[in-house]
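Residues per chain, in single letters:
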Amino acid sequence: MKQTLNCIMLIDDDHPTNVYHRIVLEEGGFAGHVITYQSAEAALEYLKGTYNEEHPRPSLIFLDINMPRVNGWEFLEQYEKLLPEQRAGNVVVMLSTSANPNDLKRAAENPFVMEYHDKPLNEEFLSEIISKYWESEE
Amino acid sequence: MLSFVKNYLLERPDEQRLSWLFLYNKKATISGLVFLFLTFTALSLVDRFYFAADYYSKLPTPTATPFGWDSCFRLLFLPLANLLAIGLLCRYKGKSSNYLSWVSSVILLLTMLSLVFSGVTQTYYSANDYTWEVVALIVFTFTMFGMPFRVSFFISFIMMLSGLAFLLFDKVEQRVVIYNTTFLLSIWFAMIVGALRKAELRRENYKTVNLLHNYTLELDAKAKELSQKNQELQQFAYASSHDLQEPLRTISSFVAILERRLSGQLTDDLKTYMGYIQKSTERMKHLIQAILEYSHIGRNLKLEAVNCQELLELIVDDLNYSITNAGAAIHFVNMPTISCYKTEFSMLMQNLIGNAIKFRKQGVAPVVSITYTDEGEAHHFTVTDNGIGIEVKHLEKVFALFGRLHTKDEYEGAGIGLAHCRKIVEIHGGNIWVESQPGTGSNFHFTISKKLNQIANETNAQLHHAH
């Protein structure tokens, strides 16, 4: 049976990308809630808030690297300063359009970044990470 | 004056030696000699008619020389003989200054001795004269041996002062003192002129060195700038590929969603148009990818020994699909093992073989043969095909970035394969060119330098330097 996560957070400055990823996630039935943010600051604000029914804690964050103002790396710096319970449940996945070797290396070194993937998200990759990080726990 | 003494005479390094100062240039030599001659003539006249008029008048007429020509000869002979000797020896290149000093000193010594013992001097001077002669001789000889300029300069200076003191306090020996003082004075004078000239030369040298140094700095800066620009360009390629791909990806993503959601409602026309959008975005994606790859060539190069036979067999395996599809035959035998950048070299071969298969004649099974010639300094490979060939006027165009000779419908491709090839061959220190007969086939030639190691080292050194 396919695992459904409670909440997935998408952070990408490109609105159509967020819309598309939301469609992929929803059509694939991967998450109960999909939260999208067009800026890293707003996403951090959300993470700093108290979690409840309407304000669910994300299990998984998809983070774009190349964003204006606060980019993916800067987001991760802020993210590190959050309390452990404020952070996402499990996994942060970095998304990028081009496989820049510098970014790849940095992603591999960052403790919060579990995966690095080229955009766009597709069902195959989503199933893969969900089975890798969630189904194995059961 | 003080600053002159300080700057040019006292603080000069020991490399300045009297033997060279005399010869430093014509100016120093001639002015030294003229000074010597004039002073001596003047002093000997004073000596002859004022100080020692009585003495001379008592001498027997035949031996007396009216203007002291014998003494004049004696004094002039020293520097003249020395100059002559060094000047002659200087004509023979490769003789070291030390060697010249030795020879000239020996000549000088012999001259002096011959003068002292020939009796010429005994006609006029008492035994005391010899002391002076010997001291002067020692100074001169020592300087000729290569005594530091400063030392010889001060010895002669002190001797000159003491000579003047003699002149003032000891009337008996004044004649001799005058001669010797004049002699030392002339040496001193020539030394100053030589030192000045040398200082001038040093300044010129310094200017040249400075200029060179500036040039080197400038070159360094240029190299640094270049490597920086290169890096910027790489970053630019990444950034632009990222930014260019983003909207493309969005287009193709949403076209896919539209197609899915509208399936069943689309007319055939609309389906075709959707297909155009999809295909164009795909092609654009490939182009961007190709630019990125192109900018990648030459990064992280690793030189290794590559068995070309094995490599080509691997490539043929990789191209199996298109080879079978086209019914192509690929021939290569006895390929060598060469030192090259494996990944890039393999890409080069794959591109050329791929092209040979792609640009085949309709209805003719492609035959591709790869041959090798050892050209001493370089490895020379040739990829020959029986394809469509290239017209002479287009021969150069095929290697240009995005250079295409055919429409996309005729032959697929981004027009970047041979541009890649050229860049790869360039990093291998070689050339790539093509001979072709339209309708008969093409021969693609390329060379790989055998001195790649050296080239790589130099490039690394430059990069290292630049950083």
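Nothing here was measured: the structure is a model prediction, and the numbers come from that model. (Residues numbered from 1 in each chain as written. Chains lettered and ligands numbered in written order. Predicted model: local features only at pLDDT ≥ 70, side-chain atom pairs only at ≥ 80, totals over all residues. Heavy atoms only, no water.)

All right, on to the pattern of salt bridges then. All chains considered together, the criterion is met by 11 salt bridges over all chains. The salt bridge partner of Glu225 of chain B is Lys229 of chain B, with a shortest N-O separation of 4.0 Å. With Glu225 of chain B and Lys229 of chain B both in helix 9 (residues 174–261) and 4 residues apart, the pair spans about one turn of that helix. Judged by relative accessible area, which is 40%, Glu225 of chain B ranks as partly exposed. By relative accessible area, which is 46% here, Lys229 of chain B ends up partly exposed. One salt bridge in this structure joins Asp374 of chain B and Lys450 of chain B, with 2.6 Å as the shortest N-O distance. Linking Asp374 of chain B in strand 4 (residues 367–374) with Lys450 of chain B in the loop between strand 7 (441–449) and helix 15 (452–466), this pair joins segments that are 76 residues apart in sequence. Salt bridges here are not isolated pairs; linked through shared partners, they connect Asp12, Asp64 and Lys119 of chain A. (Salt bridge = Lys/Arg side-chain N within 4 Å of Asp/Glu carboxyl O. Helix = DSSP H or I, 4+ residues; strand = E, 2+ residues; numbered from the N terminus. Buried < 20%, exposed > 50% of the residue type's maximum accessible area, 1.4 Å probe, protein only.)

Residues and elements named next belong to chain A. The 5 strands are arranged 2-1-3-4-5 in an open sheet whose pairing can be described as parallel. In this open sheet, the two strands that pair with only one neighbour each are strand 2 (31–37) and strand 5 (113–118). Within the sheet, the average angular offset between the axes of one strand and its neighbour, ignoring direction, is 20°. Looking at chain direction, strand 1 (residues 5–11) and strand 2 are connected through 6 bridges and run parallel. Looking at the pairing, Ile8 lines up with Val34 of strand 2. (Pairing = 2+ DSSP bridges. Axes fitted to C-alpha atoms, helices over the stretch in contact; angles between N-to-C directions.)

Per the counting criterion, the structure on display carries 9 aromatic pairs over all chains. Plain terms: the ring middles of Tyr79 of chain A and Phe112 of chain A are 5.2 Å apart, the flat faces sit at 90° to each other, and that makes the pair edge-to-face. Of this pair, Tyr79 of chain A sits in helix 3 (residues 72–81) while Phe112 of chain A sits in the loop between helix 4 (101–109) and strand 5, and the two are 33 residues apart along the sequence. Take Tyr79 of chain A and Phe112 of chain A: they sit in the same class, and that class is buried. Of the aromatic side chains, those joined through ring pairs into one cluster are Phe345, Tyr372, Phe381 and Phe446 of chain B. (Phe/Tyr/Trp six-rings, centres within 6.5 Å; stacked < 30°, edge-to-face > 60°.)

A word on the confidence of the model for chain B. Where the model shows low pLDDT, its predicted coordinates should not be examined in detail. Residues and elements named next belong to chain B. The share of residues in chain B with pLDDT of 70 or more is 52%, and the mean pLDDT across the chain is 71. Looking at the elements of chain B, mean pLDDT is at its lowest for helix 2 (residues 18–23), recorded as 45, and at its highest for strand 5 (residues 378–384), recorded as 92. A low-confidence stretch, residues 61–67 (pLDDT under 50), is modelled with 10 contacts involving residues beyond four sequence positions or located in other chains. Overall, residues 89–98 carries pLDDT values under 50, and its contacts beyond four positions in sequence, including any with other chains, amount to 10 contacts. (pLDDT = per-residue confidence, 0-100. Contact = heavy atoms within 4.5 Å.)

All right, on to the interface of chain A and chain B then. Across the contact, 19 residues belong to chain A and 15 residues belong to chain B. Together, the buried faces of chain A and chain B total about 1400 Å²; carbon and sulfur atoms form 53% of this surface. For the interface between chain A and chain B, the tally reads 2 salt bridges. In this structure, Glu27 of chain A engages Arg260 of chain B in a salt bridge whose closest nitrogen and oxygen atoms are separated by 2.4 Å. Applying the counting rule to chain A against chain B returns 2 residue pairs in polar contact (both at pLDDT 80 or more). (Buried area = accessible area lost by both parts, 1.4 Å probe. Polar contact = N/O pair within 3.5 Å; in protein donor to acceptor, adjacent residues only side chain to side chain.)

A separate point is the side chain of His420 of chain B. All names here are of chain B. Within the secondary structure, His420 is located in helix 14 (residues 417–427). A residue is classified by how much of its surface remains accessible, and His420, at 4% relative accessible area, is buried. If sequence neighbours within four positions are ignored, His420 has contacts with Ala290, Glu293, Tyr294, Ile297, Met347 and Asn351.

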